[in-house]
Amino acid sequence: MDMLDEAEQTLNAGRVKDEEGKFAEAFALYQHGLEKLMEKLKQPMSSEKKEYYKNIITDYMARAEVIKKKKDTATEPLVQEIRIQNEDTGWTFRRILAKPMADSPTHIRIQDPYLHARHQVTGFDGNCMQFRT
């Protein structure tokens, strides 16, 4: 899947969450999709395509601003996305979970497609144990 397909899928998923009234999730998806589109703009392309993508970005940014105001007043769960770049180091589970745990949540959902090695799962489980009440 190329960057443009990923951006389109993410923005569409954001629109679905937006229509469902899940503003925090919609905002996070809009943000991620817009970042992908902005990355796409850095690549060589015709001026027509560049203008087309800029218009899409402008429209979604306007909607994201509206959503941001709604999400700040909504009572839905906070969505926090942390994207760790390839080869980044120093991202311990304690560092990742420190801010969400400070708010005393009742639930945390973590999506990590790379959390599969035995030592990773053991480390993750050990860190989660400290948050159990």
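Structure: see above.
What comes next is a walk through the structure. (Residues numbered from 1 in each chain as written. Predicted model: local features only at pLDDT ≥ 70, side-chain atom pairs only at ≥ 80, totals over all residues. Heavy atoms only, no water.)

1. Here we look at the overall build of the chain
Then step 1. Across its full length, the chain carries five helices and zero strands.
Then step 2. Helices (α) and strands (β) of the chain occur, in sequence order from the N terminus, as α-α-α-α-α.
Then step 3. Taking all 133 residues of the chain together, 21% fall into the buried category. (Helix = DSSP H or I, 4+ residues; strand = E, 2+ residues; numbered from the N terminus. Buried < 20%, exposed > 50% of the residue type's maximum accessible area, 1.4 Å probe, protein only.)

2. Some points on the environment of Leu-11
Then step 1. Within the element layout of this structure, Leu-11 appears in helix 1 (residues 3-19).
Then step 2. You can call Leu-11 buried: its relative accessible area is 4%.
Then step 3. For Leu-11 and Lys-36, which are 25 residues apart along the polypeptide, the C-alpha to C-alpha distance reads 9.8 Å.
Then step 4. Look past the residues within four positions of Leu-11 in its chain and what remains in contact with it is Tyr-30, Gly-33, Leu-34, Leu-37 and Tyr-60. (Contact = heavy atoms within 4.5 Å.)

3. What about the nonpolar core?
Then step 1. Counting 14 residues, the largest nonpolar core has Leu-11, Tyr-30, Leu-34, Leu-37, Ile-57, Tyr-60 and Ile-67 as the members making the most contacts within it.
Then step 2. Sorting the residues of this core by element identifies helix 1, helix 2 (23-41) and helix 3 (47-73) as the ones contributing at least two each.
Then step 3. For this core, the leading source of residues is helix 2, giving seven residues.
Then step 4. Not counting the four nearest positions on each side in its chain, Ile-67 is found in contact with Asp-18, Phe-23, Phe-27 and Tyr-30. (Core = buried A, V, L, I, M, F, W, Y, C linked by side-chain atoms within 4.5 Å.)

4. So, the pattern of salt bridges
Then step 1. Counting across every chain of the model gives four salt bridges.
Then step 2. Across the salt bridge formed by Glu-25 and Lys-17, the nearest N and O atoms sit 3.5 Å from each other.
Then step 3. A relative accessible area of 22% places Lys-17 in the partly exposed class.
Then step 4. Salt bridges linked by common partners bring Lys-17, Glu-20, Lys-22 and Glu-25 together as one network. (Salt bridge = Lys/Arg side-chain N within 4 Å of Asp/Glu carboxyl O.)

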